[in-house]
Amino acid sequence: MKNHHSFNDSVILGVDTHLDIHVGAVLSYDGKLLGTKVIQTNQVGYEELFDWVLTFGSVERAGIEGTGTYGAGLTRFLIKKGFDVLEINRPDRSKRRLEGKSDPLDAENAARTVLSGSAKAVPKLQSGACEALRIISVARRSAVKAKTQAINQLRALLVSAPQDIRDMLWKSKPHECVTAGMGFESAEKSPLLLALCCTLRSLAKRWQALAEELTQLDELLDNLTQEYAGSLRRQFGVGPQTAAILLAVAGDNPERLKNEAALASLCGVNPLPASSGKTIRHRLNRGGSREANNALWTIALVRMRSDPRTKVYVQRRTGEGLSTKEILRCLKRYIVRELYPLILTDLGRAQLRPLT
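Residues numbered from 1 in each chain as written. Predicted model: local features only at pLDDT ≥ 70, side-chain atom pairs only at ≥ 80, totals over all residues. Heavy atoms only, no water.

**Q** I'd like to hear about the packing of helix α10 (residues 240-250) against helix α12 (residues 290-306), residue by residue, with values.
**A** Across the interface, α10 lies against α12 with an axial gap of 9 Å and an inter-helix angle of 140 degrees. By the angle between their directions, the pair α10 and α12 is classed as oblique. The hand of the α10/α12 crossing is left-handed. Between α10 and α12, the contacting residues are Thr242, Ile245, Leu246 and Val249 on the first element and Glu291, Ala292, Ala295, Leu296, Thr298 and Ile299 on the second. Tallied by class, residues from the contact of α10 with α12 come to seven nonpolar, two polar and one charged. (Axes fitted to C-alpha atoms, helices over the stretch in contact; angles between N-to-C directions. Helix = DSSP H or I, 4+ residues; strand = E, 2+ residues; numbered from the N terminus. Parallel < 35°, antiparallel > 145°, perpendicular 65-115°, else oblique. Left-handed = near helix turned anticlockwise from the far one by under 90°. Contact = heavy atoms within 4.5 Å. Nonpolar A, V, L, I, M, F, W, Y, C, P; charged D, E, K, R; others polar.)

Here's what the structure looks like:
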């Protein structure tokens, strides 16, 4: 909580978060552990933690594990109370092997991470258009997987079905195959054919329901991205899904993105130095959001196929001996550089027009 007290009466809060309980630890600025406390993950528990911390002194900073998951509610509560909240990564495994593990120890380590200055990540606010886009994208992703699974199962059953049924129902296009499966009725009443008939209709109805759900979700994403990600949507190769994913990764508070390198790191497209001795090289970053990385890959692929400027670039880099994978990696980094200022612009506009 911001104030003008000296470090002598200021303390640091660290929190280890779980589904049902959180464990808090308070440190003084000289590194002394002042106390630990267990609270329930509800409003009463958050108020209890807040009152307890203030008994030790004024609080300027707090470190919380899992600010986007189990600690999301507490993070929002403490930010409203004026705390500077920092996101804490999971403790280093080598350190955990040496020192052991317990919830109070993890909470203490979170506070010590803040005290040392190594915790710098600002948590996402999860309270605006970006969070809305993230929620819809999560539902859409699972619906796509379930829809693909349904048609694959339906076709797998048709592969081993009696030949006359297979000839009748097998279609090359998924929606035609589903339509045929929904209307299938067997004249014979053997247990095998009854089971096959019932299962094919069930899978076909499931596929159709998921297709309708995806249509609704896509319409929602299209409307929201048109309103809150207009700058992104106007760029070549950026559609509703890719714009939603990139804005969701950036978060509702643009101050988290200090520069384009920060966004590249969030998307896992910043090359990491891997030099040793006389060998100077970089390696692929396999961290960051894989959904955002895939969104950049999709944009790059669309541009490689249809954008004249990108085609010229690909031709030149191919002549220099780069493989398609290497060219895609370069393109993803360039796309981040191009989209970074546009994302900041869209985030700024979104803050001026909050969701109601």
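Structure shown, so let's carry the discussion forward.
**Q** Go over helix α7 (residues 174-182), please, and point to the residues and values.
**A** Buried within α7 we find Cys177, Val178, Ala180 and Gly181. Projection of α7 onto a plane perpendicular to its axis shows the buried side chains occupying an angular sector of 165 degrees, all on one side. Against α5 (129-159), α6 (163-169) and α8 (191-228) lie the buried residues of α7. (Buried < 20%, exposed > 50% of the residue type's maximum accessible area, 1.4 Å probe, protein only. Arc of directions from axis to C-beta.)

**Q** Tell me about the packing of aromatic side chains, and please be specific about residues and values.
**A** Given two aromatic rings, one states the distance between the centres and the angle between the planes to describe the pair. Per the counting criterion, the structure on display carries five aromatic pairs. Pairing Trp52 with Phe56 gives two aromatic rings, centres 5.1 Å apart and planes at 85 degrees, and the pair type is edge-to-face. Between the aromatic rings of Tyr313 and Tyr334, the centroid separation amounts to 5.8 Å while the plane-to-plane angle is 85 degrees, which identifies the pairing as edge-to-face. One end of the pair, Tyr313, is in helix α13 (residues 308-319); the other, Tyr334, is in helix α14 (residues 324-352), and 21 residues separate them in sequence. Since its relative accessible area comes to 40%, Tyr334 is described here as partly exposed. Among the aromatic residues, those joined into a ring-pair cluster are Tyr46, Phe50, Phe77 and Phe83. Here the guanidinium or amino end of Lys81 rests over the ring plane of Phe50, the centre of that ring lying 4.8 Å away. Positioned over the ring face of Trp170 is Arg155, at 5.7 Å from the centre of the ring. (Phe/Tyr/Trp six-rings, centres within 6.5 Å; stacked < 30°, edge-to-face > 60°. Lys NZ or Arg CZ within 6 Å of the ring centre and 35° of its normal.)

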